[in-house]
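Report on the structure
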Amino acid sequence: MLHKKILWFIHILIAGIFFFLISCKKNQLAYWDVDLVSPIARGTLNIKNFFGDSLFQSDNAHILHLKFSKKVSDFKIDTLVNLPDTTINYNFIALFTATVAPNTLLFYKAEEINFQIPNDARLRYGIVKEGKLKVEYTNTTRQPLLFQYELPSATKNSSPFYITEIIPPGNTPTVKYYSFNDYELNLTGQSGNTFNTIVHSFTVYTAPNAQPDSVIFGQGITAKISYEKIIPQYIEGYFGQQEINIPYDSAAIGFSKTLEVSNFQINSASINFHLVNDFGVDIQGQLDTVKSINTTNGTSVLLNAPPLNIININRATKTGNWANPVNSTTTTVNINTNNSNLKPFIENLPEYLGYKGKIKINPNGNLSATNDFAYYNTGIRIFADIDVPLIFRANYFKLQDLLDIDFKNVSQLNNVNEGRVIFNISNNYPFKVKLQAYLLDENNNTLDSLLLPSNNSIEMAYVNSNNDIIAPRNSQLIAYLSKNTIDNLKKSKKIKLVSYSYLPPSPPDIAIYDSYYLDVVISVDVNYRTIVNN
Amino acid sequence: MKNFFNTTKIFYCFLFFFLIILQSNVFSQYNSEFNFYQYTGNAVSLKAEFDAGSNHIDAAMVNQLFFGGFIDKEMKDRALKKSLAYNRAGAYFNYNLHTFFSDRKHPDKISYFIAAKQQYLVHAGYTRQFYQLLFYGNKPLAGTTANLANTNINTITFNELKFGMLFKKVDSSAKIGISLSAIQGNRLIYFAFGKNSSLFTSSSYDEIVFNSNFNVTISDTSQKKWYELNGIGASADIYFETPYKSKLGKMSILSVNINNFGFIHWLRNSVKYSTDSVLKFNGYHINSIYDLKDSTLNKINADSTFKQITNARKGAFNTNIPTNLILYNKVFFGNMKFSLGFGFRYIFNANYKPYVFTEPAYQWDSHFQTNFHIGYGGYSLFNVGFSIMYQTSNWHFYIGSNNLQGWILPKVSYGQGFFFMISKKLK
C-alpha cells in the first residue's frame, strides 16, 4: 500500500517536472537594460550645404557670392515663322460621256500652291523636319482610277515627292497619309522668283486593271489635299516685320522659399540679362516688367531698369556646319544697384522672378535681302545671371523647412527606454543660431519638440571689430528622448526645422567667406532594452 | 480555461520547487545512459537533465536568462563584482527515451540499446569587458578599450538516434557498452573573437573603434524548428565498468564513460562570416542637415552593418560535438549499504573547467537510496547536490540536482540544475 502511494506520488512528481519544463521554459523572454552610446552622423557644413552648391561661388577675396543663372524666356522657330496647315480641294469631272479603255489618260493639271504666311514673310527655301500630306480620294466612276500626284518643288535626294494610287470606285472617300519628312522645299514657284509657293501636278488614268467602260458626264475623281503639321528643320527668306509678345510668366529661383530675414540690407548686387539670338534676323527686345516676388511675405518689387526698355540684338550667322549650324549672338544688359533699383529688388528675397516684354523682328525691314534664316530647335533665349556678394547686414535670418520622415518602421526605436541625441557643434560663422525641431503628424499638428528652449543655441564664433571670425566656438545641444517623445517620433510624419540666425550688431556689414563652416557631430546616448528569446 | 492553466502552472512550479527544497533526490547523471543500467537493468526509460552555471553569474540571474524575466542592475552588479578577467558560463539540456533489452540467447551477457535523444548546449568563455558590454552597454566603458580577446559563444542543438550494445560479463564481471548515433543537426551558432578583438568607445561618444577579429558560423537560419534538418552527423558513446577489490572498503567499481564523440556536417545553407580589420565609425557623413532623416537611422541596421563588415560565405562545414568524459570510482563499505564515489568530468571544446566531485550514498532498503553530491569546477564553482532513487520490482525512479545551492541560495551561488529519470523495468 505504501509503495503504491509512493508510486502515485512519483508519477505526480514527474508530471510536475514535465509541466514545469513546458510552462516555465518556453516563450519566456529574458531582458535587461543597457546604456549604449554611439556616433550617428557628422559633417562639416557650410552655407552651400543648406542652399545648394550650385548657387554659390567665391570671388578672389574668398567672399561667397550668391551667383546663379536662370533662363527666364525661350522662343523657338515656330514662334517666329511657320508654314500654316493648308488644304486644297480638286474635282476632276468628265464633261461628257465616253467609253474608255484601261490606261486611258483622263485628266492632267499642274499649278502652284501659295502658303498664306502672315507678316509679309517671304520664304524661299525650307527643309521639312516632320510633316504629313493627307489626301482624301473619292472615285465616282464605275472603274478604278490611277491617281498620280507630283511635287517638283519638294525633293529628297534630288527626287521629287510623288504619289501613285489606284482609287477604287465608290462614294466613300479613301483617306491616305504620306510622310513629308526630310523633303527640301523650293518655295519660289514655277518662275523661280516668287515666295511661299510650291508647284504640284495631278494625272488621272483609268487603272490598268479597269474594264473598258463608259465614264458618264459628271463622274470623276475628287481629291482633298492637306499639308498638315509641317515642322521646318530649316527655313530661309524674309521673316517680315513682326512683334512677338513675351507674355507674363515667372521663373522660380527656389532658394529662399523658407527664408525670412529681418531688416535685410545687401551691400551690392547685379543682374546680367543675356539675350542669345540663334535666328538669322535682327531683333529689338524690351523687358518692360521684371518683378521680384516673395510669396512668403506677399511682397513684390518691380525692377526699374531703363537699359531693359530697348535692347537691340544682332542677327546670328551660319557656320556652314550642319551639326552646329549657328553662330549665335549674345547681347548683355547689365543691371546693377547704380542703374536700377536692384537693391530693394534683391532685398525682397525673391522666390520667383516675374517678367513680361516683347520682341520686334526685323525692326528695320528686309536688310538681309531675303536671307533671314532659322533652324529647328534654335531660338531666342533670355537668361538672368544674378550675382549677390554675401556682404550684408540684418537682424536675423529665419530658415524653416519641412522634411518627410517615417520612423514607424525603425525597429531600433522600439526598445529604447529613453535617451539623448547630442549635437556637438563647432560654429565658425559670425552668427548665433537658435534651433528647434518640431514633430508633426499627417495634418501638420505639432506633436512634440526635440530641443529644450534652454538648450537650443549654437553660439556665434568669436569675431573681431570688423565682424570677421577670429576662432570658432563650440556648443552642445541635447535633444532628450523620453518614452513619450519616442512614441511621438514614431507617430510623426514630418519634422519641421526652424532656425534663427542672429547676426552681430552692424555696421560693419557681415561678409561670408568660403572658409566659414559649421562642424556637426551627432551622437546618441540611449538606455536600450535588450530582449533575448530563449 | 486560462485560469486553469495558470493555476496548474503555479501548482506544478510550486510543487517542483517544494520538492527540490526538501532535497528529495539523489543520483547524478552526466549525460550518459549506460551508467544507470546497474539500477534499472533492461528497461524503458524517460530521462531529462538540465545543468547551467557560471563562475560569476549567480543562479538567480541564470534563472532569469533561461526561464525569462527582467535582469536588474543589482543582479548584474553581483555578477560583475565576482567576474574574473576571463569568465565562463554554460548550460546543457538533454532528454531522451531509451531502452535496454536482451534477446533470449544471451540475456545475461548482452543487452541491446536504442535511444532517441535531443541535446542542447550553450557555452561561452568571455572577458569581463564583454560581460559589461553585453549587460551594461558601452557607455560605462566610454573612454576605454574593452578587451574582447578570445571571447566565444556557442550554441548547438541536435537530435540523435542511438543504437548500441552492453556486454555485461566481460571477463566475468566487467561491462562494456558501445553505441553509435545518427545525428540530425538542428541549430548551430558559433561566435568567436580572436586574440586581437577589442572595442573602443571615445569618452565624447563620437567615435567607436572595433578591432573586429572574429568568426561567426550559423546554420541555416530559415529552419529553426526542432525537427528541421540543417546538418547530419555521427557520434559514439563508449562505456566501461569493472568491479575490483581495493584496500579501501569492501568493494569498488570503476567506470569510464566517453560520450558525444563525433561530428556534425552542417549543410550548404549554413553561413560563415569572418573579419579581421579595424573598423572605425565616427558617424555617417552628411552634407546637409536635411540628410538627417529616417534613412540615416535606417542605415544603422545591425544585419546590414554586420554583412557589410564581414566576408559572408555560404557553404557546408563540419564541427565537432563537445565530447563528454566521466571517470567514476565508487567504493562500498560495510554491509554494502554505504558507498562513496569520486569522479572527474570534462567536456572538451566547451569552455568547461575540469569538474571533480564526490558522492556519498546510502542504500536505506531495497527501495530507497539517497546520494549527496559535492563538486567543484565545470561551468560553476562549488556545487552541492542531492538525489533520491526509488525502485520497485517494476519501476525505477530517481530525481535530483547536482546544484542545489542554486535553488536554495540563488543570489550567492553559481550553479543550477536538475535531472530525473523514470524507468519501467522489462521482465
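It should be emphasised that the depicted structure is a prediction, and the values quoted were computed from it without experimental measurement.

Counting secondary structure elements, chain B contains eight helices and 22 strands. Split into buried and exposed, the 427 residues of chain B put 43% on the buried side. Across chain B, every contact between residues at least 6 apart in sequence was considered, and the portion connecting residues at least 24 apart equals 69%.

Attention now goes to the overall build of chain A. The number of helices and strands found in chain A is five helices and 39 strands. Here chain A has a C-alpha radius of gyration of 40 Å; the compact-globule value for 534 residues is 24 Å, and the former is much larger. Counting over 534 residues, chain A shows a buried share of 33%.

One recurring pattern in soluble globular proteins: nonpolar side chains tend to sit buried together. Formed by 170 residues in total, the largest nonpolar core has its most connected members in A:L145, A:F147, A:F273, B:M61 and B:F420. Ranked by the residues each element gives to this core, the list is headed by strand β14 (residues 220-238) of chain A, at eight residues. Counting six residues, the second-largest nonpolar core is a separate cluster that includes A:F407, A:Y438, A:L440 and A:L489.

The next thing to look at is helix α3 (residues 59-67) of chain B. Residues and elements named next belong to chain B. Burial within α3 is extensive, with eight of its nine residues counted as buried. Of all the residues in α3, the buried ones are A59, A60, M61, V62, N63, Q64, L65 and F66. Within two residues after α3, G68 carries a phi angle of roughly 90°, on the positive side.

Moving on, we come to the sheet that holds strand β24 (residues 329-336) of chain A. Residue and element names in this part refer to chain A. Strand order in the open sheet formed by five strands is β2-β3-β27-β18-β24, with antiparallel pairing between adjacent strands. Both outer strands of the open sheet, β2 (56-58) and β24, are each paired with one neighbouring strand and no more. Averaged over neighbouring strand pairs, the angle between their axes works out to 25° when direction is ignored.

Bringing the pairing of strand β11 (residues 251-266) of chain B into the picture now. All names here are of chain B. Pairing geometry for strand β10 (residues 231-244) and β11, over 13 bridges, is antiparallel. Counterpart to E241 in the pairing with β11 is S255. Linking β10 back to β11 in an antiparallel pair, the connection comprises six residues, with G249 at a positive phi of about 80°. By the bridge criterion, nine bridges tie β11 to strand β16 (residues 324-333) in an arrangement that is antiparallel. Across the sheet, S255 pairs through a bridge with Y328, a residue of β16.

Turning our eyes to something else, we now look at the sheet that holds strand β28 (residues 391-393) of chain A. Residue and element names in this part refer to chain A. A sheet is described by the order of its strands in space; here three strands give the open sequence β17-β28-β38, paired in antiparallel fashion. Two strands in the sheet have a free side with no partner beyond their single neighbour: β17 (265-266) and β38 (510-511). Pairing of β17 with β28 involves two bridges; the strand directions are antiparallel. In the sheet register, I266 faces β28, and the bridge partner there is F392.

Glancing now at helix α4 (residues 73-82) of chain B. When α4(B) is considered as a whole, its buried residues turn out to be B:M75, B:K76 and B:A79. The buried side chains of α4(B) occupy one side of the element, clustering within an arc of 95° when seen end-on. In α4(B), the exposed positions that point more than 90 degrees away from the buried face belong to B:K73, B:E74, B:D77 and B:K81. Where α4(B) is buried, its residues touch β1 (29-45) of chain A together with α3 and α5 (128-136) of chain B.

Before going further, it helps to examine the environment of B:N269. Residue and element names in this part refer to chain B. By the element assignment, N269 lies in the loop between β11 and β12 (271-281). Each C-alpha atom, one on N269 and one on L229, is 11 Å from the other, the two residues being 40 residues apart in sequence. Contacts of N269, omitting those with residues within four sequence positions, involve D220 and K314.

A few words on the environment of A:N362. Residues and elements named next belong to chain A. Residue position: N362 is located in the loop between β25 (352-361) and β26 (372-375). Distance in space between the C-alpha atoms of N362 and N424 is 64 Å, their sequence separation being 62 residues. Discounting residues that sit within four places of it in the chain, N362 has contacts with F239, G240, Q241, V281 and D282.

This next bit is on the environment of B:H123. Residues and elements named next belong to chain B. Within the secondary structure, H123 sits in strand β4 (residues 110-127). On the basis of neighbour counts, which here come to 23 C-beta atoms within 10 Å, the residue H123 falls in the buried class. In this structure the C-alpha to C-alpha distance between H123 and Y379, which are 256 residues apart in sequence, comes to 8.5 Å. When sequence neighbours within four positions are dropped, the list of residues in contact with H123 reads A89, G90, N154, A350, N351 and Y352.

Next up on the list: unusual backbone geometry. For A:K229, which is not a glycine, the phi torsion comes out positive at approximately 45°. Within the fold, A:K229 resides in strand β14. Residue classification places A:K229 among the partly exposed positions, given that 13 C-beta atoms sit within 10 Å. Of note, B:N349 is a non-glycine position whose phi angle comes to about 55°, a positive value. Relative to the elements of secondary structure, B:N349 occurs in the loop between β17 (338-347) and β18 (353-363). Residue classification places B:N349 among the exposed residues on the basis of 12 C-beta atoms within 10 Å.

A separate point is the confidence of the model for chain B. All names here are of chain B. A residue-level look at chain B finds 88% of positions with pLDDT of 70 or above and a mean pLDDT of 85. Note on residues 1-28: pLDDT is under 50 here. Beyond four places in sequence and across chains, it has 51 contacts. Both scores are given for the predicted complex: the pTM is 0.70, the ipTM 0.81.

The rules behind these values
- Residues numbered from 1 in each chain as written.
- Chains lettered and ligands numbered in written order.
- Predicted model: local features only at pLDDT ≥ 70, side-chain atom pairs only at ≥ 80, totals over all residues.
- Helix = DSSP H or I, 4+ residues; strand = E, 2+ residues; numbered from the N terminus.
- Buried ≥ 20, exposed ≤ 12 C-beta atoms within 10 Å, placed from the backbone.
- Contact = placed C-beta atoms within 7 Å.
- Rg over C-alpha atoms; globule rule 2.2 N^0.38 Å.
- Core = buried A, V, L, I, M, F, W, Y, C linked by C-beta atoms within 7 Å.
- Pairing = 2+ DSSP bridges.
- Axes fitted to C-alpha atoms, helices over the stretch in contact; angles between N-to-C directions.
- Arc of directions from axis to C-beta.
- pLDDT = per-residue confidence, 0-100.

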